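# Summary of structural features
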Amino acid sequence: MPTLPAGAATGESPRTALRPLVAGTTIGQIVEWFDWSVYAIFAPYFAEKFFPASSPLASLLATYLVFAVSFVVRPLGGVLFGYAADRFGRRPAFAASILLMSASMAVIAITPSYATIGWVAPTLLTTARLLQGLSAGGEMPSSSAFLTEAVPAARRGFYSSFIFLGVGAGTLLATLFGTALSVLLSPAQLTDWGWRLAFVLGAVLCLYGLRLRKQLPETEAFREVAKRADGPKQGLRALLRRHPGAVVRVVCFNVGGTIAYYTFAVHMPTYLKTAVGMSATAAFVVTSITLIVYSAQMPLWGHLTDRFGRRPIMAAGAFGMAVAVVPVSLALDGGPVLAVLLLCVAITFLAMTSATVSAVMAEQFPTSVRALGIGLPYALATAAFGGTAPYLATWLEGQGLRAAYFGWVALLCAITGVAFLTMREMAGRELSRD
């Protein structure tokens, strides 16, 4: 049985007792993904502040290159924080990840421009973004291991869906903040100093998330393994030697969803503005509506995977995205209303694959290497296919090869669909503690 807060032993229902655990994990995800998404969303406004170049496109590409480089360290973050979560506990690991994110956001918020301090400015920006990469690499494995271990097996899909609800809500919050600033400030003000407000807000929100997470209990599954002499001492070597197939499966589970999410959520405001020609406000509004639809569906799909199984729903979503991504993306220049309708279709397929992916990843590994088993392959997938998405999409658009990029997204979604279709069904089964 999962560990519950103390109140569960004094008359609270199990559902009530689980609320602080779900809320703390979800809010932490919201904060982390607000901070992670702000960079890509506001890149067009601060690119020339740090990377002055002969053209706005060159500055934007340089800024997105830093975005991609920050993903290089995410596997390292996945290994470090994943090992720490398996060795010392889930709670301290994801508390540390959110504190690191707060510090990096504060550095970006106060770093002067290239015109003021020269090459030191892009160096500080890159360093802060690398720290964000470490933090983001550690957030998902710690949160996924914690929440999936703490909830009943029969409802694991439903409760784990709140992790990606937090992902969507964090990106939504960043997009809504961008919408508000684009309305309240002039383009000159937004480019000059307004973008910094998003990073200030992100640093403050992280401290609030840290306060919530410090109050969460450790999971019973980890406590049981920690009592064994061999449990907490296992690490990367044990993971790769004993569970290589599971590591490959987790990479495949995430390649399609990762690039699709960064395409249709994180990069979409920039794409609609620079490639389609929408105003900044319209682009933010369209993406905000899309993210609301995405986030709201998470508990529904999580519940349905508990009832009907992970495999049919998640595979259908991945294959649906593979079919829809090219026609949807090439038809976005038909105006904001049509863009909303098309993107909501695509984001629904994505929600089907994303809602329970945290549970599916956790179900591949035993407790002793669960956080590390999630962290390393998940970070590898996001580094290779998520971090490069804005840069690749922008560069191919500049070469007149828009369709080639979306064809690449479709191919990766099909790979994810095959991985879901061939995985072992674990809905309702207890997690392995061996």
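Conventions adopted
- Residues numbered from 1 in each chain as written.
- Predicted model: local features only at pLDDT ≥ 70, side-chain atom pairs only at ≥ 80, totals over all residues.
- Heavy atoms only, no water.
- Helix = DSSP H or I, 4+ residues; strand = E, 2+ residues; numbered from the N terminus.
- Rg over C-alpha atoms; globule rule 2.2 N^0.38 Å.
- Areas by Shrake-Rupley, 256 points an atom, 1.4 Å probe, with all protein chains shown as cover.
- Lys, Arg positive; Asp, Glu negative; His and termini not counted.
- Charge placed at Lys NZ, Arg CZ, Asp CG, Glu CD.
- Core = buried A, V, L, I, M, F, W, Y, C linked by side-chain atoms within 4.5 Å.
- Buried < 20%, exposed > 50% of the residue type's maximum accessible area, 1.4 Å probe, protein only.
- Contact = heavy atoms within 4.5 Å.
- Salt bridge = Lys/Arg side-chain N within 4 Å of Asp/Glu carboxyl O.
- Axes fitted to C-alpha atoms, helices over the stretch in contact; angles between N-to-C directions.
- Left-handed = near helix turned anticlockwise from the far one by under 90°.
- Nonpolar A, V, L, I, M, F, W, Y, C, P; charged D, E, K, R; others polar.
- pLDDT = per-residue confidence, 0-100.
- Expected span 1.5 Å × (residues − 1).
- Parallel < 35°, antiparallel > 145°, perpendicular 65-115°, else oblique.
- Disulfide = S-S within 2.5 Å.
- Phe/Tyr/Trp six-rings, centres within 6.5 Å; stacked < 30°, edge-to-face > 60°.
- 1 Å grid on protein atoms, 1.4 Å probe; cavity = no way out; pocket = protein on both sides within 12 Å on 5 of 7 lines; lining within 4 Å.
- Points joined across faces, edges and corners; volume = space filled by probe spheres on them.

## Notes on the overall build of the chain
What the chain contains, in helices and strands, is 19 helices and zero strands. Against the 2.2 N^0.38 benchmark of 22 Å for 434 residues, the chain shows a C-alpha radius of gyration of 21 Å, consistent with a compact globule. Taking the principal axes of the C-alpha coordinates as reference, the chain spans close to 60 × 45 × 45 Å. Total accessible area on the chain is roughly 15500 Å²; 69% of this is exposed by carbon and sulfur atoms. Taking the average place of the 31 positive charges on the side chains of the chain and the average place of its 19 negative ones, the gap between the two points comes to 4 Å.

## Structural notes on the nonpolar core
Counting residues in each nonpolar core, the largest one holds 131 residues, and the members touching the most others are Phe42 and Phe264. If one sorts the elements of this core by residue count, helix α1 (residues 14-50) sits on top with 16 residues. Contacts of Phe42, omitting those with residues within four sequence positions, involve Ala174, Phe177, Gly178, Leu181, Leu190, Trp195 and Ala198.

## As for the pattern of salt bridges
All chains considered together, the criterion is met by eight salt bridges. Between Arg156 and Glu363 there is a salt bridge; the shortest N-O distance is 3.0 Å. Of this pair, Arg156 sits in helix α7 (residues 156-184) while Glu363 sits in the loop between α16 (357-362) and α17 (370-386), placing them 207 residues apart in sequence. Accessibility expressed as a relative area gives 1% for Arg156, which makes it buried. On the basis of relative accessible area, Glu363 is assigned to the buried category, the value being 10%. When salt bridges that share partners are traced, they join Asp86, Arg90, Glu149 and Arg370 into one network.

## Remarks on the packing of α7 against helix α8 (residues 187-213)
Each pair of packed helices can be summarised by the angle the axes make with each other and by the distance between the axes. Where α7 meets α8, the closest approach of the two axes is 11 Å, and the angle between their N-to-C directions is 145°. You can see that α7 and α8 cross each other, and the crossing is right-handed. Residues Leu173, Phe177, Leu181 and Ser182 of α7 touch α8, and the partners they reach there are Leu190, Gly194, Leu197, Ala198, Leu201 and Leu205. Classifying every residue of the contact of α7 with α8 by side-chain character gives eight nonpolar, two polar and no charged.

## Notes on the confidence of the model for the chain
Mean pLDDT for the chain: 85, with 94% of residues reaching 70 or above. Scored below 50 in pLDDT, residues 1-13 shows 22 contacts in the model against residues more than four places distant or in partner chains.

## Details of helix α19 (residues 402-422)
Here α19 is 21 residues long and its end C-alpha atoms lie 32 Å apart, about the 30 Å a rise of 1.5 Å per residue gives. Of the positions making up α19, those classed as buried are Tyr405, Phe406, Val409, Ala410, Leu412, Cys413, Thr416, Gly417, Ala419 and Phe420.

## Here we look at the packing of helix α2 (residues 56-72) against helix α18 (residues 389-398)
Running from N to C, α2 and α18 cross one another at 155°; their axes reach a closest spacing of 8 Å. Classified by the interaxial angle, the pair formed by α2 and α18 is roughly antiparallel. When you trace α2 past α18, the crossing you get is left-handed. Where α2 abuts α18, its residues Leu57, Leu60, Leu61, Tyr64, Leu65 and Phe67 lie against Pro390, Tyr391, Thr394 and Trp395.

## Looking at the state of the cysteines
Overall, the coordinates contain zero disulfides when judged by the stated rule. Of all cysteine sulfurs, the one in Cys413 lies closest to Cys252, which takes part in no disulfide; the gap is 13 Å. Owing to a relative accessible area of 23%, Cys252 belongs among the partly exposed residues under this scheme.

## As for the packing of aromatic side chains
A full pass over the atoms with the stated rule returns 19 aromatic pairs. Geometrically, the ring pair formed by Tyr271 and Phe406 is edge-to-face, given 5.6 Å between the ring centres and 85° between the ring planes. Here Tyr271 is found in helix α12 (residues 268-276), whereas its partner Phe406 is found in helix α19, with 135 residues between them in sequence. Residue classification places Tyr271 among the buried residues on the basis of a relative accessible area of 4%. An angle of 40° between the planes, with centres 6.1 Å apart, marks the rings of Phe385 and Trp408 as tilted. Taken together, the residues Phe385 in helix α17 and Trp408 in helix α19 connect sequence positions 23 residues apart.

## What about empty space enclosed by the protein?
Under the counting rule described, the total for this entry stands at four cavities of 30 Å³ or more. For the largest cavity, the calculated volume is near 160 Å³. Together, 16 residues line the largest cavity, and Phe164, Asn254, Gly257, Thr258 and Ser354 are the ones closest to its centre. Among the secondary structure elements, those contributing two or more residues to the lining of the largest cavity are α11 (244-266), α15 (336-354), α17 and α19. Considering each element in turn, the lining of the largest cavity owes the most residues, six residues, to α11.

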